[in-house]
Amino acid sequence: MDFVVCDDDSFFRKNIVKVIDKILISNDTNYKIHEFASYNKDFQKIINKKKPKIYILDIEIKNSISGIDIARKIRKNDWDSIIIIVTSHSELSFQVMKAQIMLLDFISKFDNFEESLKKAIDKALELVDKKKIIKVENKGVSYIVYLKDILYIERDTVDRKCFIHTGYGIVPISKTLNELRDELGNDFYMSHRSCLVNLNNISKIDWKENIIFFDNNTSTNLLARDRKKGLKEYVGN
């Protein structure tokens, strides 16, 4: 789970990080916090990563575009991430609502801030749980993977483990491919006895060379001859 915190006030920024740590550490969930004092190129790179995140943004940021404008940039291509606005200017609530950036919460820094933020983060995590996800346990740590982000799942015949391939990394999982096929449903197809592919993320198929290509130019050659007919019924010729 990635959190992105942007606030030019170091005191409040560290306070936000402290609240996140307190909640997530107790849940044994793997997470990362990206801290920013202003909007910059590194911030834009994080926005561009196709992975849902939880953003906590201040409205007024010195030497930077506002938190509302940052939220607009996020919403250009990302409606899955969760955005929480924090501010010392509660009178700006109407301006935020008018921006139509689909916020989870609008929190005043001077009205029971830590408790309000904790409730908002708890709600954000609850919403994440309700999305189509798969939870992965590995060495005592929980990972959350959105089904729509999965490209394919491969069984390593040497290690005898399954690995979930996404556009942003590879996650090991202890379940078998058959268990995963039953759990994930009709959006996933067994293209090979060692591979489950996400039908929604296939961009093209080279039927002659038996290569399946996905939206981010990743590919797999785990396409068995006896699985071609069934795959063509899903994706066409």
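The rules we used
Residues numbered from 1 in each chain as written. Predicted model: local features only at pLDDT ≥ 70, side-chain atom pairs only at ≥ 80, totals over all residues. Heavy atoms only, no water. 1 Å grid on protein atoms, 1.4 Å probe; cavity = no way out; pocket = protein on both sides within 12 Å on 5 of 7 lines; lining within 4 Å. Points joined across faces, edges and corners; volume = space filled by probe spheres on them. Helix = DSSP H or I, 4+ residues; strand = E, 2+ residues; numbered from the N terminus. Nonpolar A, V, L, I, M, F, W, Y, C, P; charged D, E, K, R; others polar. Pairing = 2+ DSSP bridges. Axes fitted to C-alpha atoms, helices over the stretch in contact; angles between N-to-C directions. Phe/Tyr/Trp six-rings, centres within 6.5 Å; stacked < 30°, edge-to-face > 60°. Lys NZ or Arg CZ within 6 Å of the ring centre and 35° of its normal. Buried < 20%, exposed > 50% of the residue type's maximum accessible area, 1.4 Å probe, protein only. Right-handed = clockwise from strand over helix to strand, strands pointing away.

1. As for the layout of surface pockets
Stage number 1. There is about 800 Å³ of room inside the largest pocket.
Stage number 2. Together, 31 residues line the largest pocket, and K50, K51, D80, K148 and D149 are the ones closest to its centre.
Stage number 3. Broken down by secondary-structure element, the contributors of at least two residues to the lining of the largest pocket are α2 (41-48) and α3 (67-75).
Stage number 4. Looking at the lining of the largest pocket residue by residue, the classes come out as 10 nonpolar, eight polar and 13 charged.
Stage number 5. Taken together, 15 residues line the second largest pocket, and the ones lying closest to its centre are M1, D2, N30, K51 and Y168.
Stage number 6. The set of elements that each furnish at least two residues to the lining of the second largest pocket consists of β2 (32-36) and β7 (141-146).
Stage number 7. Here the lining of the second largest pocket is built from residues that sort into eight nonpolar, two polar and five charged.

2. With respect to the sheet that holds strand β10 (residues 169-173)
Stage number 1. Across the sheet, five strands lie side by side as β10-β9-β8-β12-β11; this open sheet has antiparallel pairing. Strands with a single pairing partner mark the edges of an open sheet, and in this sheet they are β10 and β11 (188-192). Strand-to-strand, the axes of this sheet are offset by a mean angle of 25 degrees, without reference to chain direction.
Stage number 2. Note: β11 against strand β12 (residues 195-198), four bridges, orientation antiparallel. Bridge pairing in β12 places H192 opposite C195.

3. Re the packing of aromatic side chains
Stage number 1. Summed over the entire model, instances satisfying the criterion amount to eight aromatic pairs.
Stage number 2. Ring geometry for Y152 versus F214: centroids 5.3 Å apart, planes at 15 degrees, classification stacked. One end of the pair, Y152, is in strand β8 (residues 150-156); the other, F214, is in strand β14 (residues 211-214), and 62 residues separate them in sequence.
Stage number 3. One aromatic cluster is present, formed by F11, F12, F110 and F113 through successive ring pairs.
Stage number 4. One Lys or Arg, K109, reaches over the ring of F12 and ends 4.5 Å from the middle of that ring.
Stage number 5. Sitting over the ring of F213, K204 keeps its end group 4.9 Å from the ring centre.

4. Digging into the pairing of strand β4 (residues 82-87)
Stage number 1. Counting buried positions along β4 yields six of six residues, so the element is predominantly enclosed.
Stage number 2. Every second residue of β4 is oriented toward a common face, with I82, I84 and V86 on one face and I83, I85 and T87 on the other, all of them buried.
Stage number 3. As for the winding sense of the linkage, the β-α-β connection from strand β3 (residues 54-58) through α3 to β4 is right-handed.

5. Things to note about empty space enclosed by the protein
Gaps between atoms show up when a probe of the same size as a water molecule is rolled over them.
Stage number 1. Taken as a whole and assessed by the stated rule, the structure comprises one cavity of 30 Å³ or more.
Stage number 2. Put simply, the largest cavity is a space of about 50 Å³.
Stage number 3. For the largest cavity, the full set of lining residues is M1, D2, K51, P52, I144, Y146 and Y168.
Stage number 4. When grouped by side-chain class, the residues that make up the lining of the largest cavity number five nonpolar, no polar and two charged.

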